[in-house]
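Spelled out from the first residue to the last, the chains are:
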Amino acid sequence: DIQMTQSPSTLSASVGDRVTITCRASQSISTWLAWYQQKPGKAPKLLIYDASSLESGVPSRFTGSGSGTEFTLTISSLQPDDFATYCCQQYNSYSWTFGQGTKVEIK
Amino acid sequence: EVQLVESGGDLVQPGGSLRLSCAASGFTFSTYGMNWVRQTPGKGLEWVSYISSRSSTIYYADSVKGRFTISRDNAKNSLYLQMSSLRAEDTAVYFCARDRGVRVGGILFDYWGQGTLVTVSS
């Protein structure tokens, strides 16, 4: 199975900061990568798919990039609503694995 | 508006059984593959099982193979997960999630329910 590793596990930032989260795959997944946002007690929300395509309705301050084994999610200017946990997921092959998550908290 | 509502979570003893349900609305349920995904504080999100739109293709994670059974009733817009021989490590919030269907062999979860809690403990 493909392992997904995110860094950092926790990130402290302020409103207005530029934030970058990294996700690495244990083998190449082309651009079959998604990013999700999750808030406590809520369902994950799809933000980015195909590594860099923005899901409809998601603010343009979210951007995704990368291919192969290394990917990044960038929030250009952190807003109060963005404090949450972010998780990557590969959909290249079974068993469609997730990263362990990155919690973005208020500095 | 797409809605997925899970139910059936409960406290169950090790070795016991439980059936989860997911009621779907706001889209043509019979044309989408569906999944169960679980989440624990320690292990994060873990895909559990997939069923294709007409139930012709089914996949399970190795951790639940032989113990869990996924099914669906397209006439009732409902997805199910029959869980048996439950273990402490099956304790989790279980989400129902739709597959966008972007590619054969790839599962992209585009809509999720709110989840239902399964606790396995004596």
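Details of the structure are given in the entry above.
Since the structure is predicted, the reported quantities are computational estimates derived from the model, not experimental observations. Going along each chain's sequence as written, the residues are numbered from 1 onward. Throughout, the order in which chains and ligands are written sets their labels, letters from A for the former and numbers from 1 for the latter. Totals for whole chains, interfaces and linings use all residues, but because this is a predicted model, local features are given only for residues with pLDDT of at least 70 and pairs of side-chain atoms are given and counted only at 80 or more. Side-chain metrics rest on all non-hydrogen atoms present in the structure, leaving aside hydrogens and water.

Asker: Before we go on, may I ask you to explain the overall build of chain A in this structure?
Answerer: When helices and strands are counted, chain A shows zero helices and ten strands. Secondary structure elements follow DSSP: runs of H or I of four or more residues count as helices, runs of E of two or more count as strands, with numbering from the N terminus. Secondary structure elements of chain A occur, N-terminal to C-terminal, as β-β-β-β-β-β-β-β-β-β. Taken over C-alpha atoms, the radius of gyration comes to 13 Å for chain A, in line with the 13 Å a tight globule of 107 residues would show. Seen through its C-alpha atoms, chain A measures out along the principal axes to roughly 35 × 25 × 25 Å. For every residue, the accessible area (1.4 Å probe, protein chains only) is compared with the maximum for its type, and the residue is labelled buried under 20%, exposed over 50%, or partly exposed between those bounds. Across the 107 residues in chain A, those meeting the buried criterion constitute 49%. The criterion used for residue contact is that any of the two residues' heavy atoms lie within 4.5 Å. Sequence separation of 24 or more characterises 56% of the internal contacts of chain A that already satisfy a separation of 6 or more. When charges are tallied, Lys and Arg are placed among the positive residues and Asp and Glu among the negative ones, while His and the ends of the chain are skipped. Throughout, a charge is located at the NZ atom of Lys, the CZ atom of Arg, the CG atom of Asp or the CD atom of Glu. Across chain A, the centroid of the 8 positively charged side chains sits 7 Å from that of the 8 negatively charged ones. C-alpha atoms define the radius of gyration, and 2.2 Å times the number of residues to the power 0.38 defines the globule rule.

Asker: Looking at this structure, how should I read unusual backbone geometry?
Answerer: Leave glycine aside and you will find that most residues have negative phi; peptide bonds, for their part, are mostly trans. Note that the residue after A:S7, namely A:P8, is joined by a cis bond; omega there is -10°. Structurally, the position occupied by A:P8 is in the loop between strand 1 (4-7) and strand 2 (10-13). Each neighbour pair has its own omega, and for A:Y94 with A:S95 the value is 10°, a cis peptide bond. Relative to the helices and strands, A:S95 is located in the loop between strand 9 (85-90) and strand 10 (102-106). A positive phi angle is found at A:D50, which is not glycine, with a value near 50°. Residue A:D50 is classed as partly exposed on the basis of its relative accessible area of 26%. Phi at B:S55 takes a positive value of approximately 70°, unusual for a residue other than glycine.

Asker: In this structure, what is going on with the nonpolar core? I would like to understand it.
Answerer: Across soluble globular proteins, you tend to see nonpolar side chains buried next to one another. With 45 residues, the main nonpolar core has B:W36, B:Y94 and B:W112 as its most contacted residues. Residues enter a nonpolar core if they are buried and are Ala, Val, Leu, Ile, Met, Phe, Trp, Tyr or Cys, with the set joined through side-chain atoms within 4.5 Å. Counting 25 residues, the second largest nonpolar core, distinct from the first, contains A:I2, A:W35, A:I48 and A:F62.

Asker: Where do I start with the environment of B:A61 in this structure?
Answerer: All names here are of chain B. With respect to the helices and strands, the residue A61 is situated in the loop between strand 6 (58-60) and strand 7 (68-73). Assessed through its relative accessible area of 5%, A61 is described here as buried. Spatially, the C-alpha atoms of A61 and G33 are 16 Å apart, while their sequence positions differ by 28 residues.

Asker: Could you clarify how one ought to interpret the state of the cysteines in this entry?
Answerer: Defined simply, a disulfide is a covalent bond joining two cysteines at their sulfur atoms. Here, a disulfide means two cysteine sulfur atoms that sit within 2.5 Å of each other. Enumeration over the complete set of coordinates arrives at two disulfides over all chains. Each sulfur in the disulfide pair B:C22 and B:C96 lies 2.1 Å from the other. An S-S torsion of about -65° defines the bridge between B:C22 and B:C96 as left-handed. Taken as a pair, B:C22 in strand 3 (residues 18-25) and B:C96 in strand 9 (residues 92-99) lie far apart in primary sequence, 74 residues in all. The residues B:C22 and B:C96 share a single accessibility class, namely buried. The closest cysteine sulfur to the non-disulfide-bonded A:C87 is located on A:C88, 5.8 Å from its own sulfur.

Asker: What am I meant to see in the interface of chain A and chain B here?
Answerer: One frequently used descriptor of interface size is the decrease in accessible area upon assembly of the parts. Contacts between the two partners involve 20 residues from chain A and, on the opposite side, 23 residues from chain B. Reported buried area values correspond to the accessible surface (1.4 Å probe) lost by two parts on association, with both partners' losses combined. A buried area of about 1800 Å², summed over both sides, lies between chain A and chain B, and 59% of it is on carbon and sulfur atoms. Counting the surface chain A buries against chain B, the share from its top three residues, A:Y94, A:W96 and A:F98, is 33%. Each reported salt bridge corresponds to a side-chain nitrogen of Lys or Arg within 4 Å of a carboxyl oxygen of Asp or Glu. Inspection of the chain A/chain B interface yields one salt bridge. The partner of B:R100 in a salt bridge is A:E55, with the nearest N and O atoms 2.6 Å apart. N or O atoms closer than or at 3.5 Å make up a polar contact, with two conditions inside protein: a donor-capable atom paired with an acceptor-capable one, and, for residues adjacent in sequence, both atoms drawn from side chains. Scanning the region where chain A abuts chain B turns up nine residue pairs in polar contact (both at pLDDT 80 or more). At three residues, the largest contribution of residues to the side of chain A that touches chain B is made by strand 4 (residues 33-38) of chain A.

Asker: In this structure, what is going on with the pairing of strand 2 of chain A? I would like to understand it.
Answerer: A regular strand carries its side chains on alternate faces of the sheet. All names here are of chain A. Residues L11 and A13 point to one face of strand 2 and are all buried, whereas T10 and S12, pointing to the other face, are not buried. Of the pairings in the sheet, the one linking strand 2 to strand 10 comprises four bridges and is parallel in character. Its bridge partner lying in strand 10, S12 is registered against E105. Pairing between two strands requires that DSSP report at least two bridges joining them.

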